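A closer look at the structure
Each chain is listed here by its residues.
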Amino acid sequence: MQYRSTAGNAPDVSLEEAVVKGLAPDRGLYMPERIGRLPEDFFRRLPSMSLQEMACEVAQSLFGEDIDPEKLRELTAETLNFTIPLVEVTPERYSLELFHGPTLAFKDVGARFMARLLGYFNRDSGDRLVNVLVATSGDTGSAVANGFLGVEGVRVFVLYPKGKVSPIQESQFTTLGRNIEALEIDGTFDDCQALVKQAFLDGELNDRMMLTSANSINVARFLPQMFYYFHAWGQLAATGADMENIVVCVPSGNFGNITAGLIAKRMGLPIKRFIAANNANDVFYEYLVTGEYRPRHSVQTIANAMDVGDPSNFARVLDLYGHDHDAIAAETSGCTYTDKEIAATMKSTLEETGYQLDPHGAVAYRALTEQLRPGETGIFLETAHPAKFKETVEGITGAGVEIPARLAAFMRGKKQSVPLPADFDAFKTLLLSKA
Ligand SMILES: *Cc1c(COP(=O)(O)O)cnc(C)c1O
């Protein structure tokens, strides 16, 4: 299968090239040239399929033309070596718990798949060294670093803002060593992202080293996120629930996660509609309401992985619906909540149902409580474990949050990072010293 750029000014490329390049040369994002429907029979079997069996079939339909089937099966099963349970919070609202992976956030799925796919493409490429650059406000860095740890022919540079990620998050990408280098930038997350973007545009750097992105602009990170939408549907169908009126709510920042869900729907998954839940960074909500897209600087919130003022994957949403605002708004509604509303939702949900939400899941849960219509059943994506935001969560609910053993293990490691100013020349010099 070929991949085409959303900007429409670059040649189509193979899966390998789309993955290795990350962004198209015309600054567009790659999309699969075709999105085929899965057979009816697949949906009949879905309720009785395991996560791995289901994912292998979906992966086959997406990547089957480009990867040896046995290898594809292997790397898909390896990616999903943890569970993704659907948990009932109330009879109408279910939590899809995406935090049972190694770094306790949904990004583990895409990052683990992408790492294995790059490893697969690299096996035939001699001594090619791919340099993955990733800017992080917390969760992306940990998922990517852990996903790529030890992958042959790949080196990862994680850029993070000094003093602005929690100690738990920092420990997940600064203690690994091997092929993972943490760069502690004296600046903000926006500065980190700007350095990475500038590196991709720098002619000299790109001549001397192969650079790619592991943010959700990369097809290998974003497409595998569709696996768990099928899995959520299958688990709910297995309970005998009425599957006519399923609504899925996704706490959204860069919009990679929800775009994968919209593509799953296009492949035939019977989801009635989606809700894109925003914190105070609500450019998408504004677009739905007004038809105008006005990107701006992000503001800081307690659901900080969603603090995005110009979501990269908005280009893919537009592309998927042929830039038709009404078509987009017909399948997806939006909402926006303040920190106060997010906090109140975390507190009241714990008191009323016993379910502990993290700040991101809370945004989505609140959207379901406000937007679900009679007869509908809602699934929301619980994108991170509450322990990743321990201080925030405990401060709001007053209840203790236990740290899972695999998270505590990171915190015992020794921090290794290189301090750098938020200055492109300094960053470039460091990269070139490793070319
Ligand atoms: C990254 C992230 C999000 C936002 O996902 P997008 O794909 O960027 O929309 C939501 N919640 C958590 C916990 C995240 O880490």
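Quick summary incoming for the structure in this document.

Scoring rules and cut-offs
- Residues numbered from 1 in each chain as written.
- Predicted model: local features only at pLDDT ≥ 70, side-chain atom pairs only at ≥ 80, totals over all residues.
- Heavy atoms only, no water.
- Helix = DSSP H or I, 4+ residues; strand = E, 2+ residues; numbered from the N terminus.
- Rg over C-alpha atoms; globule rule 2.2 N^0.38 Å.
- Buried < 20%, exposed > 50% of the residue type's maximum accessible area, 1.4 Å probe, protein only.
- Polar contact = N/O pair within 3.5 Å; in protein donor to acceptor, adjacent residues only side chain to side chain.
- Contact = heavy atoms within 4.5 Å.
- Near = heavy atom within 4 Å.
- Areas by Shrake-Rupley, 256 points an atom, 1.4 Å probe, with all protein chains shown as cover.
- Pairing = 2+ DSSP bridges.
- Axes fitted to C-alpha atoms, helices over the stretch in contact; angles between N-to-C directions.
- Salt bridge = Lys/Arg side-chain N within 4 Å of Asp/Glu carboxyl O.
- Phe/Tyr/Trp six-rings, centres within 6.5 Å; stacked < 30°, edge-to-face > 60°.
- Lys NZ or Arg CZ within 6 Å of the ring centre and 35° of its normal.

Looking now at the overall build of the protein. Within the protein one finds 20 helices and 13 strands. In terms of overall size, the protein behaves like a compact globule, its C-alpha atoms giving a radius of gyration of 20 Å where 435 residues would be expected to give roughly 22 Å. With respect to the principal axes defined by its C-alpha atoms, the protein has extents near 60 × 50 × 45 Å. Counting only residues that meet the buried cut, the protein has 60% of its 435 residues in that class.

With that out of the way, let us pick up the side chain of histidine 360. Along the polypeptide, histidine 360 turns up in helix 17 (residues 359-371). In terms of polar contacts, histidine 360 uses its side chain to reach the backbone amide nitrogen of asparagine 304, at 3.4 Å. When neighbours within four sequence positions are excluded, histidine 360 is seen to be in contact with Pro251, Ala303, Asn304, Ala305, Met306, Thr383 and Phe389.

As a structural note, the neighbourhood of the ligand is formed by 15 residues, with Lys107, Asp139, Gly253, Asn254 and Thr383 the closest of them. Between an oxygen atom of the ligand and a main-chain N or O atom of glycine 253, the distance comes to 2.8 Å. Contacts to the ligand include threonine 383, whose side-chain N or O atom sits 2.8 Å from a nitrogen atom. With the chains in place, 97% of the 380 Å² that the ligand exposes on its own is no longer accessible.

Glancing now at the sheet that holds strand 11 (residues 332-336). Taken in spatial order, the six strands of this open sheet run 3-4-12-9-10-11, and their pairing is mixed. At either margin of the open sheet sits one strand with a lone partner, and together these are strand 3 (86-90) and strand 11. Sheet twist, expressed as the mean angle between neighbouring strand axes with direction ignored, is 25°. In terms of strand pairing, strand 9 (residues 246-251) meets strand 10 (residues 273-278) through five bridges, oriented parallel. Directly across from proline 251, in strand 10, lies its bridge partner alanine 277.

Here we come to the pattern of salt bridges. Summed over all chains, the structure comprises 24 salt bridges. Ionic pairing is found between arginine 128 and glutamate 16, a salt bridge with its closest N-O pair at 3.3 Å. One end of the pair, arginine 128, is in the loop between helix 5 (107-122) and strand 5 (130-135); the other, glutamate 16, is in helix 1 (residues 15-21), and 112 residues separate them in sequence.

Side-chain direction in a regular strand flips from residue to residue, so the side chains alternate between the two faces of the sheet. Sheet topology places strand 3 next to strand 4 (residues 93-97); four bridges connect them, and they run antiparallel. Looking across to strand 4, one finds that valine 87 is bridged to serine 95. Between strand 3 and strand 4, which pair antiparallel in sequence order, lie two residues.

We now examine the packing of aromatic side chains. We describe a pair of aromatic rings using the distance from one ring centre to the other and the angle between the two ring planes. Following the criterion strictly, the structure yields 17 aromatic pairs and no others. Measuring from centroid to centroid gives 5.3 Å for tyrosine 365 and phenylalanine 380, while their planes differ by 70°, and the two rings are edge-to-face. Here tyrosine 365 is found in helix 17, whereas its partner phenylalanine 380 is found in strand 12 (residues 377-382), with 15 residues between them in sequence. You'll find tyrosine 365 and phenylalanine 380 in the same group, each marked buried. Joined through ring pairs, the aromatic side chains of Phe255, Phe284, Tyr287, Tyr293 and Phe314 make up one cluster. Directly above the aromatic system of tyrosine 321 lies the positively charged group of arginine 266, at a separation of 5.2 Å from the ring centroid.

Pairing is parallel in the open sheet, where five strands are placed in the order 8-5-6-7-13. Of all the strands in the sheet, the pair left with one neighbour each is strand 8 (210-213) and strand 13 (418-421). Averaged over all neighbouring strand pairs, the angle between strand axes comes to 30°, with direction disregarded. Alignment of strand 7 (residues 180-186) against strand 13, held across four bridges, turns out to be parallel. If you follow glutamate 184 over to strand 13, its bridge partner there is proline 419.

Below, the discussion takes up the environment of proline 224. Take proline 224: it is sitting in the loop between helix 10 (219-222) and helix 11 (227-238). A sequence separation of 165 residues divides proline 224 from alanine 59, and the C-alpha atoms of the two residues are 7.6 Å apart. Not counting the four nearest positions on each side in its chain, proline 224 is found in contact with Val109, Phe113 and Val219.

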